[in-house]
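# Structure assessment
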Amino acid sequence: MKESLLKIFAEHPDQFVSGEMISQQLGCSRTAIWKHIDELRKNGYELESAPRKGYRLIKKGDGIHSHEVGVALKTMRLGKEMTYLDTTESTQIVAHKLAQEGAREGHIVLANEQTKGKGRLGRNWHSKQGTSISMSLILRPDLSPQKTPQLTLLTAVAVVRALKNQTGINCEIKWPNDVLINGKKLVGILTEMQADPDRVHSIIIGIGINVNQQLKDLDPEIQGLATSLAIEGGKPFERALIVAAVVNEFETLYEHYLTNGFEAIKTLWETYSISVGKYIYARTMREVLYGFAKGITNEGVLLLEDEQGTLHQIYSADIENASQ
Ligand code: BTX
């Protein structure tokens, strides 16, 4: 109901909408409308009410609403179904549950706040209320589980391109899937799947983007490591439009990938990467390697040639550019 009410205001920007019209469109009583308006005010919306004129939206609250994403989507398949939550532990958990219950390819779970956001390898992801994007995309491609890392790389490319188009801000990719601005982390990507050994049932791609946090909003644990679009761009950004831009870009790349394979995505990934074509240190579990990062394999493995000319395949490591 709240979503439908907001949609009416979005269709009448800066205008009064009469209580009668709202109650006709939503099929509810004036008292019910009044209660919803009151709830919106509690969520940070500023609404003017005037006798005989009705209600006018003056300032939006801090939610990301499905209809605001919906109007900017240009996709054929992705984002046609969306679950929006004001607060949740993790959109990944919700998406896994929905996938098990049969959610369709392209279903998106979006939250205004996560209280227990998941990073990779059991790490945390901070998603403060009203400032960041926390979304999980359910995919059902006909792929072998071995190929799913390709979708993580595709996601990083989609995010970098979408952010450039939507905000004008340039980001770069650090292997394997960190999206950074000037060495600081802006985006986290987590790919999980439900699969048999030879067949994927669903892939859940989690994307967390720091959008409107100021330095003081970042958890002390990440203040020196992280940044946001608002910090870098010097102004706030509309989160719903960024979500739509990411989904639009993702669908274009995903369709290309499903039809033509990984080659073009890999080339794009290498173009945006700050790890490839540079001398780097790779700190693995066993050793620190130094050498030239030649590229990635089709499985997303980093190829590093050391000073003796030996080629190493790096599956997991912390990477640092030698010039840093
Ligand atoms: P990661 O393991 O690469 O990054 C986690 C690490 O990044 C943390 O240990 C911390 O140092 C740092 N970090 C935590 N929060 C932030 C932040 N907001 N900005 C910058 N650095 C941070 C990356 O894992 C994968 C994250 C995926 C997050 C999405 S949000 C939607 C979906 N739902 C969910 O629970 N996770 C995914």
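The rules behind each value
Position labels on residues start from 1 in each chain and follow its written sequence. For a predicted model such as this one, the threshold for reporting local features is a pLDDT of at least 70, and the threshold for listing and counting side-chain atom pairs is 80 or more; totals across whole chains, interfaces and linings nevertheless cover every residue. UniProt positions are given in the numbering used here, feature names are shortened, and annotations may be inferred rather than shown by experiment. By convention here, the C-beta atom is placed from the backbone, and a residue is near a molecule or strand when that atom is within 6 Å of it. Helix and strand definitions follow DSSP, with helices as H or I runs of at least four residues and strands as E runs of at least two, each counted in order from the N terminus. How far each domain reaches was decided by an automatic or database domain assignment. To assign burial, the other C-beta atoms lying within 10 Å of each residue's own C-beta are counted, with C-beta atoms placed from the backbone; 20 or more indicates buried, 12 or fewer indicates exposed, and intermediate counts indicate partly exposed. Here, strands pair whenever DSSP counts at least two bridges between them. Axis definition: a line fitted to C-alpha atoms, limited for helices to the stretch in contact. Angles are taken between N-to-C directions and run from 0 to 180 degrees. By definition in this entry, angles of less than 35 degrees are roughly parallel, angles greater than 145 are roughly antiparallel, angles of 65 to 115 are roughly perpendicular, and the rest are oblique. Crossing handedness is read from the near helix: turned anticlockwise from the far helix by less than a right angle, it gives a left-handed crossing, and turned clockwise, a right-handed one. By the convention adopted here, residues are in contact when the distance between their C-beta atoms, placed from the backbone, does not exceed 7 Å. Here the arc refers to the directions that run from the helix axis out to each C-beta atom.

Per an unreviewed UniProt entry, the recorded name for the chain is Bifunctional ligase/repressor BirA, and the organism is Halalkalibacter kiskunsagensis. According to the UniProt record, the Function (unreviewed entry) comment for the chain reads "Acts both as a biotin--[acetyl-CoA-carboxylase] ligase and a repressor." In its Sequence similarities (unreviewed entry) section, UniProt records this for the chain: "Belongs to the biotin--protein ligase family."

Next up on the list: the site of the ligand. Taken together, 28 residues form the shell around the ligand, and within it Ser 90, Gly 119, Gly 188, Gly 206 and Gly 208 come nearest. Mapped by element, the contributors of at least two residues to the shell around the ligand are helix H5 (91-100), strand E5 (114-118), strand E6 (124-127), strand E7 (132-139), strand E10 (184-195) and strand E11 (200-210).

Take the UniProt feature "domain: BPL/LPL catalytic" (unreviewed entry) in the chain next. Taking the numbering used here, the UniProt-annotated feature "domain: BPL/LPL catalytic" (unreviewed entry) corresponds to residues 67-258. With 31% helix and 29% strand, residues 67-258 has end C-alpha atoms that lie 28 Å from one another.

With that settled, the discussion passes to the domain arrangement of the chain. The domain boundaries assigned to the chain delineate domain 1 (2-59), domain 2 (66-272) and domain 3 (279-321). Here the C-alpha centre of domain 3 lies 57 Å away from the C-alpha centre of domain 1.

Turning to the UniProt feature "DNA-binding region" (unreviewed entry) in the chain, a few remarks are in order. In the numbering adopted here, UniProt assigns the feature "DNA-binding region" (unreviewed entry) to residues 19-38. Taken end to end, residues 19-38 has its terminal C-alpha atoms 14 Å apart, with 85% of it in helix and 0% in strand.

Another aspect to go through is the pairing of E11. The element E11 is largely enclosed, with a buried count of ten among its eleven residues. Strand direction decides the pairing type here: E10 and E11, joined by nine bridges, are antiparallel. Its bridge partner lying in E11, Val 187 is registered against Ile 209. The antiparallel hairpin formed by E10 and E11 contains four residues in its connecting segment.

Moving on to the packing of helix H1 (residues 2-11) against helix H2 (residues 19-26). The packing of two helices is summarised by the inter-axis angle and the distance between the axes. Between H1 and H2, the shortest axis-to-axis distance is 11 Å and the interhelical angle comes to 130°. Of the possible angle classes, the one that applies to H1 and H2 is oblique. Handedness of the crossing formed by H1 with H2: right-handed. Together, Ser 4, Leu 5 and Ile 8 of H1 and Ile 22, Gln 25 and Leu 26 of H2 make up the contact between the two elements.

Looking now at the pairing of E10. Judged from the three bridges that link them, strand E9 (residues 178-181) and E10 form a sheet pairing that is antiparallel. The partner of Val 179 across the bridge, within E10, is Val 187. Between E9 and E10, which pair antiparallel one after the other, the connecting turn spans two residues, and Asn 182 there sits at a positive phi close to 45°.

What follows deals with helix H9 (residues 263-272). Where H9 is concerned, the buried positions are Ile 265, Leu 268 and Trp 269. Around the axis of H9, the buried residues are gathered within 100° of arc, so they sit on the same side. What points out from H9, more than 90 degrees from its buried face, is the exposed set Glu 263 and Thr 267. Residues of H9 that are buried in the fold lie against helix H6 (148-167), strand E8 (172-174), helix H8 (239-260) and strand E13 (288-296).

Strand order in the open sheet made by the seven strands is E3-E4-E7-E11-E10-E9-E8, with mixed pairing throughout. Only two strands of the sheet have a single neighbouring strand rather than two, namely strand E3 (82-85) and E8. Averaged over neighbouring strand pairs, the angle between their axes works out to 20° when direction is ignored. In the sheet, strand E4 (residues 108-111) pairs with E7 via four bridges, with the strands oriented antiparallel. Its bridge partner lying in E7, Val 109 is registered against Ser 136. With respect to the sheet, H5 is in contact with E3, E4, E7, E10 and E11, its orientation differing from that of E7 by roughly 20°. Contacting E8, E9, E10 and E11, H6 crosses the sheet at an angle of about 145° to E10.

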